[in-house]
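# Examining the three-dimensional arrangement
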Amino acid sequence: MKIQGAKKIHYDSGPNMTPLVDIVMVILIFLMLAGSFNTAEHYLVSDVPLQAKGVGAKPPEGTVFPTKFTINVSEQGPLYIVKAGNFASVKDTDPRRACDQLTGQLKDQYRNFKDAGVKMADVQIIIYPEQNVTLDGLVPAFEAAQKAGFSKVGFGLNSR
Amino acid sequence: MRRQRMPEIREGGVNVTPLIDIVMCLIIFFMLVAKIGVDTGADRNIDIPTSILGTDIKDMGNTLVLNVVNGPSGVPDPQPIVTALVKRPMQDMQMQELKLHDFYDGKVHDQLLETLKLYRQGDSLLKMQANPDFKVVIRGDKSLIFKFLAPVLMDCNLAHVKSFAFDTKQPQ
């Protein structure tokens with residue numbers, strides 16, 4: 001007696017994976033579209049309180065003042081002008097180029113401070129921008145200070 | 001004697017097992033890495049400045065993102081336009097404009113300052129605790145002038161916010 005069924009073609013008899021693949025693909029596409037990765041953004045952090053000239057009371061006796069110097073930023077027509085303390089002054093039409101020069105001079109100042117035995121963690125840089133300076137002009141000055149090694153960078157107001 | 005032949009076995013289609021393995025790995029990766037449903041309130045339409053330096057803020061739970069753009073000029077009291085995703089009494093988190101000075105209910109309200117104080121010092125009605133580690137992220141447009149940025153920084157100072165950060169993008 002012949003068994004007919006034995007000669008028939010046998011197809012794979014595992015579970016049907018098609019619906020699983022469909023669902024998994026939909027989940028994958030959803031996650032790829034809905035997820036936000038934000039890898040191209042980062043933050044310039046300042047933990048120095050805002051300084052305001054000409055306000056406040058007389059500090060109590062014995063107060064230890066941190067070593068600080070100022071960076072004045074202004075824009076006059078096409079020129080971007082940065083002055084750091086009494087040791088650096090840079091003018092350029094491009095804020096980035098001006099701040100690259102500033103970085104070099106701030107690095108020299110950093111070395112001077114270190115040679116003089118100043119505790120660098122206490123040194124503060126306060127940026128005093130003019131009212132018309134844009135954020136795009138402020139960020140390079142902030143970066144220049146951080147690139148030179150100064151970690152405490154803050155902002156100051158000339159007047160409210 | 002007649003030899004019995006083994007039955008012919010054919011696959012029903014392509015072998016999808018490696019595909020599923022890879023797709024499952026991708027799903028697990030995206031589930032772990034992608035921030036789904038996490039809205040910090042950052043306005044993606046704002047063109048933020050570029051910076052080479054910069055750090056990541058790991059703990060975004062302690063931060064409030066302020067979207068700041070230039071306000072109208074030529075008005076008596078020019079103010080920046082500040083928006084943020086904030087919690088209000090009896091409401092869910094919602095995007096809201098925070099005015100520096102607003103006049104309603106017969107008195108002047110400093111909405112931005114009040115909100116920053118709320119996040120920094122807490123509020124029992126809203127069940128918000130004082131948060132000494134509270135930080136502000138300023139997502140300012142690159143054309144934002146300091147005249148409009150300064151009052152925002154001043155309010156951060158008045159609310160005793162310990163630190164603030166500028167949101168910048170990496171150069172292409």
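Heads up: the structure comes first, above all this text.
Residues numbered from 1 in each chain as written. Chains lettered and ligands numbered in written order. Predicted model: local features only at pLDDT ≥ 70, side-chain atom pairs only at ≥ 80, totals over all residues. Heavy atoms only, no water.

### A look at the side chain of glutamate 143 of chain A
- Considering the arrangement of structural elements, one finds glutamate 143 of chain A in helix H3 (residues 135-147).
- Apart from residues no more than four positions distant in its own chain, glutamate 143 of chain A is found in contact with Leu44 and Arg96 of chain A together with Thr50, Ser51, Ile52 and Leu53 of chain B. (Helix = DSSP H or I, 4+ residues; strand = E, 2+ residues; numbered from the N terminus. Contact = heavy atoms within 4.5 Å.)

### Quick look at the sheet that holds strand E6 (residues 88-92) of chain A
All names here are of chain A.
- Taken together, the six strands give an open sheet; going across it, the order is E3-E8-E7-E4-E5-E6, and neighbouring strands pair in mixed fashion. Strand pairing shows two members of the sheet lacking a second neighbour, strand E3 (51-52) and E6, which therefore form its edges.
- In terms of strand pairing, strand E5 (residues 79-84) meets E6 through five bridges, oriented antiparallel. The residue bridging valine 82 from the neighbouring strand is valine 90, located in E6.
- Contacts between helix H2 (residues 95-115) and the sheet are confined to strand E4 (68-76), E5 and E6, with E6 contributing the most and set at about 170° to the helix. (Pairing = 2+ DSSP bridges. Axes fitted to C-alpha atoms, helices over the stretch in contact; angles between N-to-C directions.)

### Here we look at the interface of chain B and chain A
- The interface is formed by 57 residues belonging to chain B together with 53 residues belonging to chain A.
- A combined buried area of about 5,000 Å² lies between chain B and chain A, and 65% of that area is made up of carbon and sulfur atoms.
- Looking at the side of chain B facing chain A, the largest losses of area belong to Leu53, Phe146 and Phe166 of chain B, adding up to 14% of the total buried there.
- For the pair chain B and chain A, the interface holds two salt bridges.
- A salt bridge links glutamate 41 of chain A to arginine 139 of chain B, with the shortest nitrogen-to-oxygen separation between them at 3.2 Å.
- At the level of secondary structure, the elements contributing two or more residues to the side of chain B that touches chain A comprise strand E1 (9-10), helix H1 (17-33), strand E7 (135-140), helix H3 (146-158) and strand E8 (163-169) of chain B.
- With nine residues, the single largest contributor to the side of chain B that touches chain A is H1 of chain B. (Buried area = accessible area lost by both parts, 1.4 Å probe. Salt bridge = Lys/Arg side-chain N within 4 Å of Asp/Glu carboxyl O.)

### A short note on the nonpolar core
- By size, the foremost hydrophobic cluster in this structure holds 63 residues, and its most contacted members are Leu106 and Phe155 of chain A together with Leu66 of chain B.
- The leading source of residues in this core is H3 of chain B, at eight residues.
- Ignoring anything within four residues of it in the chain, the contact list for phenylalanine 155 of chain A reads Pro49, Leu50, Gln51, Ile126, Ile127, Pro129, Leu138 and Phe142 of chain A together with Phe146, Leu153, Phe164 and Phe166 of chain B. (Core = buried A, V, L, I, M, F, W, Y, C linked by side-chain atoms within 4.5 Å. Buried < 20%, exposed > 50% of the residue type's maximum accessible area, 1.4 Å probe, protein only.)

### Remarks on the pairing of E8 of chain B
- With six of its seven residues buried, E8 of chain B lies for the most part within the structure.
- Relative to E8 of chain B, strand E2 (residues 41-46) of chain A is paired through six bridges, and the arrangement is antiparallel. Bridge assignment links valine 45 of chain A to a residue of E8 of chain B, and that residue is alanine 165 of chain B.
- Where E7 of chain B and E8 of chain B come together, four bridges link them in parallel fashion. Paired with isoleucine 138 of chain B across the strands is phenylalanine 166 of chain B, a residue of E8 of chain B.
- Between the parallel pair E7 of chain B and E8 of chain B, the chain is carried across by H3 of chain B, and the sense of this crossover is right-handed. (Right-handed = clockwise from strand over helix to strand, strands pointing away.)

### As for a nonpolar patch on the surface
All names here are of chain B.
- A cluster of nonpolar side chains, namely Ile28, Phe29, Leu32 and Val33, defines an oily patch on the protein surface of about 410 Å² accessible area.
- Tracing the chain through its elements places leucine 32 in helix H1.
- We classify leucine 32 as exposed; its relative accessible area is 71%. (Patch = residues over 30% accessible without salt bridge, like charges linked within 9 Å, V, L, I, M, F, W, Y side chains within 5 Å. Areas by Shrake-Rupley, 256 points an atom, 1.4 Å probe, with all protein chains shown as cover.)

### Some details on the packing of helix H1 (residues 18-34) of chain A against H1 of chain B
- Interaxial distance between H1 of chain A and H1 of chain B falls to 10 Å at its minimum, and their mutual angle equals 30°. Classified by the angle their axes make, H1 of chain A and H1 of chain B are roughly parallel. Here H1 of chain A runs over H1 of chain B; the crossing is left-handed. Here H1 of chain A contributes Leu20, Val21, Val24, Met25, Ile27, Leu28, Leu31 and Met32 of chain A to the contact with H1 of chain B, which in turn contributes Leu19, Ile20, Val23, Met24, Leu26, Ile27, Phe30 and Met31 of chain B.
- Of the residues contributing to the contact of H1 of chain A with H1 of chain B, the split by class is 16 nonpolar, no polar and no charged. (Parallel < 35°, antiparallel > 145°, perpendicular 65-115°, else oblique. Left-handed = near helix turned anticlockwise from the far one by under 90°. Nonpolar A, V, L, I, M, F, W, Y, C, P; charged D, E, K, R; others polar.)

### Here's the deal with the side chain of glutamate 41 of chain A
- Relative to the helices and strands, glutamate 41 of chain A is located in strand E2.
- Side-chain polar atoms of glutamate 41 of chain A contact the side chain of arginine 44 of chain B, separated by 3.0 Å.
- If sequence neighbours within four positions are ignored, glutamate 41 of chain A has contacts with Arg44, Ile48, Asp56, Arg139, Asp167, Thr168 and Lys169 of chain B. (Polar contact = N/O pair within 3.5 Å; in protein donor to acceptor, adjacent residues only side chain to side chain.)

### Looking at the sheet that holds E8 of chain B
- Across the sheet, six strands lie side by side as E2(A)-E8(B)-E7(B)-E2(B)-E3(B)-E4(B); this open sheet has mixed pairing. At either end of the open sheet lies a strand with only one pairing partner, and these are E2 of chain A together with strand E4 (94-97) of chain B. Sheet twist, expressed as the average angle between the axes of neighbouring strands with direction ignored, equals 30°.
- The strands touched by H3 of chain A within the sheet are E2 of chain A together with E7 and E8 of chain B, with E2 of chain A carrying the most contacts at an inclination of about 70°.

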